[in-house]
Amino acid sequence: MSKTYEERAMEIAALMEDSKGQNVTVLDISQLNSWTDFFVIVTVSSGVQAQGMIKEIKDYSKENDLEIHLTHQKSEQGEDWNLIDLGAIVVHLMSEEARNFYELEKLWHSGKVLK
């Protein structure tokens, strides 16, 4: 039996916590748009930590038949905000400053907080 996208989003959130991600949040935004169902939002302390988490997400996606869609980053380092688009799940790895500035939880306040 295959996992639902909600189960996968929660597993990714747990993986991010295991990687020492802070303030991990899962939002169900499936009723608010047509392009994705879940956001996993994570505060990271450094670009090195974010790169390690990206590797974890890539490994998880291979094991769980999720395709990573290419996205464009503003900077080469990607230290403020890394976005990993898995289709039905979008993972946001953000510095504390970027997270406070963009306030995705407020922007998507109509979404259901699952974690």
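Residues numbered from 1 in each chain as written. Predicted model: local features only at pLDDT ≥ 70, side-chain atom pairs only at ≥ 80, totals over all residues. Heavy atoms only, no water.

Draft legend 1. Fine view of the layout of surface pockets. In this structure, the second largest pocket spans a volume of roughly 220 Å³. As for the second largest pocket, its lining consists of twelve residues, of which Ile54, Ile68, Thr71, Leu83 and Ile84 are closest to the centre. At the level of elements, helix 2 (47-63) and strand 3 (81-85) are the ones that each hand at least two residues to the lining of the second largest pocket. The element best represented in the lining of the second largest pocket is strand 3, accounting for four residues. Counted by class, the lining of the second largest pocket contains five nonpolar, five polar and two charged residues. (1 Å grid on protein atoms, 1.4 Å probe; cavity = no way out; pocket = protein on both sides within 12 Å on 5 of 7 lines; lining within 4 Å. Points joined across faces, edges and corners; volume = space filled by probe spheres on them. Helix = DSSP H or I, 4+ residues; strand = E, 2+ residues; numbered from the N terminus. Nonpolar A, V, L, I, M, F, W, Y, C, P; charged D, E, K, R; others polar.)

Draft legend 2. Just the sheet that holds strand 2 (residues 38-44), in detail. In spatial order, the strands read 3-4-2-1-5; together these five strands make up an open sheet with mixed pairing. Both edges of this open sheet fall to strand 3 and strand 5 (112-113), since each of them pairs with a single strand only. Two strands pair when backbone bridges link them, and strand 1 (residues 22-28) and strand 2 are joined in this way by five bridges, in the antiparallel orientation. Counterpart to aspartate 28 in the pairing with strand 2 is phenylalanine 38. Across the sheet, helix 1 (residues 5-18) touches strand 1, strand 2 and strand 4 (89-95), and the angle it forms with strand 2 is around 5°. (Pairing = 2+ DSSP bridges. Contact = heavy atoms within 4.5 Å. Axes fitted to C-alpha atoms, helices over the stretch in contact; angles between N-to-C directions.)

Draft legend 3. Just the pairing of strand 4, in detail. Of all seven residues in strand 4, seven are buried; the element is thus mostly enclosed. Taken together, strand 3 and the strand that follows it, strand 4, pair antiparallel across an intervening segment of three residues, in which glycine 87 is found at a positive phi of about 85°. (Buried < 20%, exposed > 50% of the residue type's maximum accessible area, 1.4 Å probe, protein only.)

Draft legend 4. Focus on the side chain of asparagine 64. The residue asparagine 64 is located in the loop between helix 2 and strand 3 in this model. If we skip the residues at most four places from it in the chain, asparagine 64 touches Lys3, Arg8 and Glu11.

Draft legend 5. View of the nonpolar core. The biggest cluster of nonpolar side chains holds 21 residues, and the ones touching the most others in it are Val40, Val91 and Leu93. Taken together, the elements giving at least two residues each to this core come down to helix 1, strand 1, strand 2, helix 2 and strand 4. Examining the composition of this core, we find that five residues originate from one element, helix 2, more than from any other. Not counting residues within four places of it along the chain, the set of residues in contact with valine 91 comprises Ile12, Val40, Ile57, Asn82, Leu83, Ile84 and Leu86. Of all hydrophobic cores here, the second largest spans nine residues; its members include Ile41, Val90, Leu104 and Trp108. (Core = buried A, V, L, I, M, F, W, Y, C linked by side-chain atoms within 4.5 Å.)

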